[in-house]
Structures are given as C-alpha cells and as structure tokens.
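Analysis of the macromolecular model
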Amino acid sequence: MDAAGTSTAPGSTLGRKLLIVLFAFTGLFAANFLAYNHLLRELTGTGAAVDAAGRQRMLSQKIAYLAFQVGLGHRHDRAALKELTAEFHDTLEAFKHGGPSRDFHINRAPAALAPLVRAEETEWKPYREAALTVSEAPAGGSASKKALAYLGSHSEALLSTCDSLTAAYRGTAEDATRGMEYLMLLLIGVNLLFGAAVFYYSKKRIVAPLLLLNRAAAEMTAGNYPELSDGGSDDEVGNLFNTFSKMSGTIRRDMEKRSAIGALLAVSLERGSLPELLDKFLENLLAIPWLALEAKGAVFLADAGEKSLAMTARRGVSAEVGGACASVPFGRCLCGRAAAGGETVFASELDARHEISYKGAKPHGHYCVPIKLRDRVIGVLNLYLRAGHRYEESEKAFLEAACAIIAKAIEYANLEAKAYQAQKMESLGRAAGAIAHDFNNILTVAQGFNNLALDTVPAEEEAHKFIEETASGLDRGAALVKQIMAFSRNQPAEMTSLDLNAVIERSRIMLGVILEKKIRLKLYLAPGLPRITGNTGQLEQVLVNLAVNARDAILPGTGEFSITTSETTGEAAAHCGKELGGAARVVRLSVSDTGRGMPREVIEHVFEPFFTTKPEGRGTGLGLATVYSITQRHKGGINITSRPGLGTTFDICFPATP
C-alpha cells in the first residue's frame, strides 16, 4: 500500500474542522465565563451598594439620636457617635471613588447616580460637622446646642437624600438582574444551537461512518474483506474509508501470502534432489494469482568460487533462453547484478541492464532476488513480469521471504549430502583403521625379518643395499599406517597436564627443518599460559602437519610461518567450537602462514580424509584430517580463516585444565 495515498493534504481537513469546533467551544465557554463573572461582579457590587445606601439611611437617624443623647449628658455615646459618623463618611467616599465600606467593596457609583451622590454629599458635610461638634463639645454649651439644632432641622433632608440614593441603587440592581437573565438566556440559546450543530455534524460525518467501519471490521473478523471506496467526505473519514478498503485488500493478500509461504515450507520439507525441489518452488511461486507474473522463471545457483551463476531449475523458459543464460557471471545482466550486490533487482521493461539478449525476446520485466544464506549469496531467483508492471515493496518483501525459505532448503539439502559424506568417511576411516591395524602387524613382522637380514648380510655385498631400500620402504609404510591409525582414532594416547608453550619450544628445531630456510619461523608465546590436558606427541604432530601444509603453500617462494599462543574466554573461543562456550578459561593456538590461501570451496573440504589439492604423489590428504581428529580428541575446536593470496590462519582452542 502506497504511503503517498494517505497523505495529509485531504486528511488535515477534519483536523482543521475539529480545531475550529474546539476553538469555538473554548471561545463560547470563555464568553459565558466572562459574561457571568462580569454580571456577578456587577450584582455583587450593586447589592453591596444597595445595602450600604440603606445602612446610610439608618446611620443618619442613629447619628441624630446619639447626638441628642450626648446633648443630654450621656458621655459614653460620644465614641459611638464618632464611629457612626466616620462609617457614614467612608461609605459616601466609596460611592464617590469606589472602595471598602465595612466588610464590603463598593464600586464607584454609576454616572447616572452621580448627581444623587453629590446631593447627599451636600447635605452630609454640614451635618457631619454638626455631629462631630456634638461629640467633642461640652454638653449644654452653646456650640453643642447650636449643632443639635442644626441636626434636628436637617435630619429629614439627609434622610431624604439617602432614600433617593437607596432607591436609585435598587433600580440599578433590578436592571442588572434583568440584563443578566436576558444574557444568560441568550447564551443558553447559543450553546444549545451550537451543541445541536456539532451533534448533527458529528453524527453524520463521524459517528455514522465509524459505525459503518465497525460493521465492516466485524465482517473482516468473520473472514470477509469488504471494500469501502467512498467515505462521503474529503476529510480523514473519507480517507479512512479508502485506507480501510486498501487495508482489506492488503490483509486478503497477506492471507494469500501466508498460504503461499506455507506451501513453500511444505516443499522445503520434502525429500528429493536439489533440482527437483527448486522446480517445485518455481511451480508454487508461478501459481500465485496476485503476482503479475508470466508463467516463466528460473533458479540460479552460485558456483563454488562465487563468480558465476548456473541455471539449475527453470519453468516456462525456452531452450534458447536456457542456453543463453546457462551461466551468468556475477555483475552481468539482471541476475548477475543481484548476485554481486546482494540486493533485489527490479525491471519493468527490457533496459540496458538486460545485457544477455536472444532472438524473439518479447517485452517483459523481471524480479531478480538474491538467495542468501547468512549474508552470503548462494543463488538468484529470476521471475518474469508482464511488461510495465509497477514495483511494489510488498512483492519484494514476499519474494525475499520465499528466497529465505529456498536458501534454507538448499542448506538442508547440502547438509544432508555432507552428512551422508561424513557417514561414508566415518565408515571409510573405521575400515582404514582396521586395515591399518592388521597391516601394521604384517609390517612389524616384515621389519623384524628385514632387520635380521641387515644384520646377517655383510654391508659390502650388493644385497645389503636392496635390504636397506626395503627397510626404507617399510619405514614409510609404518609412517603411513601411523597416520591412518591417528586419523581413525584407533591409536591410544595418554593424556597428561602439559604446558603448550613447552611443547612448541621443543618442536622449534624440528619445525625449522621442515620449513626450510626460505620460510621464517616466528613464535609469539604468551607467558603464564594455563596448562591443558593433552598428549605431547599428538600436539607435536599437529604442529608438524600444519608446518608441512604451510611449507607447501609458500614454496617455492619465501614467506613466514608464525605460532601464537594466548589465553581467552570460552565466549571468545566460540568461533572455534560451540562446545567451548561454557569453558571458563581457554588456551588458543593460532598458526598462520603467508602462503597462497584457500578459497571457500576448498576450506569446506580440507578436514575430509584423503582430500588434497596437492599434485598426485605429493600428499595423502590425511594431514589436516589428522589435525582435526587430534583437536577433537583433546576436546578442542578449530577454525580456519583464509582467502586466496592472503594466507591462512588456523585457530585451535583447548579448554584449560581445571
């Protein structure tokens, strides 16, 4: 499924709509909150002002009463008179400028009430002075009497202004209450209309389509894969419909892929020759309906040197094409490029990369998929496509998975062949060991009589020379028997705790003789090396065999043969053998030469008995087989690192003696 098909260009529409709805909700909520808060403050302030104005009316009467009480000689009322006078004055100041009055905060009087506040202030100023005079002047004095007279004559006037201001504030409060009611009704109506619009839109554009998708998902659970081609809108919901349809098709295709993979796995478990298995793989792949394939395909396997591909199985490919593509070098044509690069090569048409041509070639495309085993290309799957076919990542992924199964099948077939070969070699080794044992008995008798003949025949006689040649031949035969018996493990050996460095030092002179003067011998022996359990003679045999192998790889040129010892861990020595993974301490013997090196196909066989790359008559093929056998007998492991022209290194690891 193309990711570009679900781009955010149309999909962002629903996001913008939802964002607008969110902003509208937020704005509406903020408007409701601000309006309610404003009206609440107005009502609170107006209510406090109404209470304050009403209290002023009461204060004006109480001030007049307390003043007459003070005039009568009630001195204890002087403080109360001053306090009430101050409270009245503070309230009037709050009406004028806004501020606290008792425990309330009073807003500044509205402009419409300002004349009433000024009228009250006009009446209050002389009234206040008269009240303060009464509270401070001696009772019965002329000042007190004059002030009391003024309070008596003007109390009604002050009370009238207080009543007018109180009535005005009450009217303002009633107007604010009605305004709040109207505004709240308006906001409720707007909220209801907005909520209804959002509900209608959500149900039609979101809920209904999602319910439809839910039913489609239920069908998918039941094994059906419906297609929903139109979501009815240009936003994410419509895009979701299209995506769901693609997803349904993708799941259907995945089910078909699983079925195809299952069929390929079943083929991989069948018994038969490798070409037969590869032909069955092709048969199954070419039968997949959703792959836009022509009924043509082939499987190529890499040669031992990984330089060319050989067509091993084919279907629908003409003899002419089979002949032209029988052997394809790495890097040439589409299959060779896939093998050289280790990556799938796709071509929708015949192009310049299609370097191997033949008569009558019709327009077509290719999937050339490397068959890899642990990152090593062992072959290529070549499938023909209809001309103009579009590349799909899902097809590539499926074909690479199929090639992984094919690679495992090839590996299993090769392992099966190697197991058969190993059984054959094991049987051959046992037979050789038995024969060598009997032949050794015969040689022992022959050597005994030959030695008697040497002692009996005078040295100056010509027959003595013949007897010496016979003795030399018998010695060579005995050496060969010794090698065969060592390989077949029929030769018993005593195992003791020993120092590997000491064994190497004792072998230095012998190794120098074997390597000759053109090859430099270098030893890098780690001090304090742990002891190992082994047999000195057999370990010397390992060194001798590796030295002989190095000498033959270097001569007639010059080079270097080095022996290195070191201590390592079982985990680090796991490349030599899995059985060493649990060892706490491991002794590693690394033997390297600067010889010709070996290709991979030779390395795969070097430990097989009687396998040799030397000219006839120059090797028995038992040298490295004996090295492998002795290493196994010492519960060790061995690993080879070699490339043509870069020399060879043998890493032999032994568990340290506890």
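The shown structure was predicted, so the numbers you read here are calculated from the model rather than taken from an experiment.

Points about unusual backbone geometry
The backbone of C333 sits at a positive phi, close to 60 degrees, despite the residue not being glycine. Considering the arrangement of structural elements, one finds C333 in helix α8 (residues 333–341).

Here we look at empty space enclosed by the protein
Overall, the coordinates contain two cavities of 30 Å³ or more when judged by the stated rule. Size it by volume and the largest cavity reaches roughly 110 Å³. If you go around the largest cavity, you meet 14 residues; those closest to its centre are C325, C333, H354, H366 and N382. Residue assignment for the lining of the largest cavity shows that the elements contributing at least two residues are α8, β7 (365–373) and β8 (376–385). Per-element tally for the lining of the largest cavity: the top contributor is α8, with three residues. Considering only residue class, the lining of the largest cavity consists of eleven nonpolar, three polar and no charged. The space that makes up the second largest cavity amounts to roughly 30 Å³. Lining the second largest cavity, in full, are L546, N549, A550, F561, V591, S592, D593, T648 and F650.

What about the nonpolar core?
Grouped together as the largest cluster of nonpolar side chains are 37 residues, with contacts concentrated most on L500, L546, F561, I563, L589 and I652. In terms of residue count, helix α13 (residues 536–554) provides more of this core than any other element does, eight residues in total.

Section: the sheet that holds strand β12 (residues 559–568)
Neighbouring strands of a sheet are bound in pairs by backbone hydrogen bonds; such pairs are parallel or else antiparallel. Pairing in this open sheet of five strands is mixed, and the strands run β10-β12-β13-β15-β14 from one edge to the other. Two strands lie at the open edges of the sheet, namely β10 (519–524) and β14 (637–642), each paired on one side alone. Strand-to-strand, the axes of this sheet are offset by a mean angle of 15 degrees, without reference to chain direction. Across the sheet, helix α12 (residues 508–515) touches β10 and β12, and the angle it forms with β10 is around 155 degrees. Strands in contact with helix α15 (residues 623–633) are β14 and β15 (648–655); relative to β14, the strand with the most contacts, it is inclined by about 140 degrees.

Things to note about the sheet that holds strand β6 (residues 345–347)
Spatial ordering of the open sheet is given by β5-β4-β3-β8-β7-β6, a layout of six strands whose pairing is antiparallel. Whereas interior strands pair on both sides, the edge strands pair on one side only; in this sheet they are β5 (327–329) and β6. Each adjacent strand pair in this sheet contributes to an overall mean axis angle of 25 degrees, direction not counted. For strand β3 (residues 293–302) and β8, the ladder comprises six bridges, and the chain directions are antiparallel. Bridged to L301 within β8 is G379.

A closer look at the packing of aromatic side chains
For any pair of aromatic rings, the description consists of the separation of the ring centres together with the inter-plane angle of the planes. On inspection of all chains with the given rule, the structure shows five aromatic pairs. Clustering of aromatic rings is evident, with ring pairs tying together F88, W124 and Y127. Lying over the aromatic face of Y384, K296 brings its terminal NZ or CZ to 5.5 Å of the ring centre.

Quick look at helix α3 (residues 114–136)
Compared with the 33 Å implied by 1.5 Å per residue over 23 residues, the 32 Å span of α3 between its first and last C-alpha is a close match. Residues of α3 that are buried: V117, E120, E121, W124, Y127, A130, A131, V134 and S135.

Thoughts on the packing of α12 against α13
Their axes nearest at 9 Å, the elements α12 and α13 cross at an angle of 25 degrees. When the axes of α12 and α13 are compared, the pair comes out roughly parallel. The hand of the α12/α13 crossing is right-handed. In this structure, α12 uses M510, L511, I514 and L515 to contact α13, whose residues at the interface are L543, V544, A547, V548 and R551. Classifying every residue of the contact of α12 with α13 by side-chain character gives eight nonpolar, no polar and one charged.

Parameters and conventions
Residues numbered from 1 in each chain as written. Predicted model: local features only at pLDDT ≥ 70, side-chain atom pairs only at ≥ 80, totals over all residues. Heavy atoms only, no water. Helix = DSSP H or I, 4+ residues; strand = E, 2+ residues; numbered from the N terminus. 1 Å grid on protein atoms, 1.4 Å probe; cavity = no way out; pocket = protein on both sides within 12 Å on 5 of 7 lines; lining within 4 Å. Points joined across faces, edges and corners; volume = space filled by probe spheres on them. Nonpolar A, V, L, I, M, F, W, Y, C, P; charged D, E, K, R; others polar. Core = buried A, V, L, I, M, F, W, Y, C linked by side-chain atoms within 4.5 Å. Buried < 20%, exposed > 50% of the residue type's maximum accessible area, 1.4 Å probe, protein only. Pairing = 2+ DSSP bridges. Axes fitted to C-alpha atoms, helices over the stretch in contact; angles between N-to-C directions. Contact = heavy atoms within 4.5 Å. Phe/Tyr/Trp six-rings, centres within 6.5 Å; stacked < 30°, edge-to-face > 60°. Lys NZ or Arg CZ within 6 Å of the ring centre and 35° of its normal. Expected span 1.5 Å × (residues − 1). Parallel < 35°, antiparallel > 145°, perpendicular 65-115°, else oblique. Left-handed = near helix turned anticlockwise from the far one by under 90°.

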